[in-house]
Amino acid sequence: IGFSALRYACYTVQFFLTLRFFNVKMPLDETMHSISLVYLLKTTIPYPPFVGFVVRTEISIFVFQYVTESLMGVIAASILIWIINVAIPALIGYGFILHIRNLKIGK
């Protein structure tokens, strides 16, 4: 439970900071409630992995449209979070796989 709480806190702070970076102005309590709702919906709605990027962004738009007018900032923050947490680690992992594969082929 402790690791889950730490992971949730890390993602929440990350989303909060990216929203601030893209000038999404909202009261702190509304921001935290909205972020919690976004993560709840992202984990409870099943969707195929190949459309995950689109669904994640749509969920963020759906939740934040009621509390802020700067939806472009919300979209940008959601995309940046996806890039940081999914795309970059996937590319790094792919690079490791290619490197290991090339080492095995070269023997």
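Residues numbered from 1 in each chain as written. Predicted model: local features only at pLDDT ≥ 70, side-chain atom pairs only at ≥ 80, totals over all residues. Heavy atoms only, no water.

### Looking at the layout of surface pockets
What the largest pocket holds in volume is close to 360 Å³. Around the largest pocket, the lining comprises 13 residues; the ones closest to its centre are Arg-7, Tyr-11, Tyr-39, Thr-43 and Arg-56. Residue assignment for the lining of the largest pocket shows that the elements contributing at least two residues are α1 (2-21), α2 (28-44) and α4 (71-106). Residues of the lining of the largest pocket, tallied by class, amount to 7 nonpolar, 3 polar and 3 charged. (1 Å grid on protein atoms, 1.4 Å probe; cavity = no way out; pocket = protein on both sides within 12 Å on 5 of 7 lines; lining within 4 Å. Points joined across faces, edges and corners; volume = space filled by probe spheres on them. Helix = DSSP H or I, 4+ residues; strand = E, 2+ residues; numbered from the N terminus. Nonpolar A, V, L, I, M, F, W, Y, C, P; charged D, E, K, R; others polar.)

### Brief notes about empty space enclosed by the protein
For the structure shown, the criterion picks out 1 cavity of 30 Å³ or more. By volume, the largest cavity is sized at about 40 Å³. Taken together, Lys-42, Phe-53, Arg-56, Thr-57, Ser-78 and Trp-82 make up the lining of the largest cavity. When residues of the lining of the largest cavity are traced back to their parent elements, those giving at least two are α3 (52-64) and α4. Per element, the largest residue contribution to the lining of the largest cavity is 3 residues, and it comes from α3.

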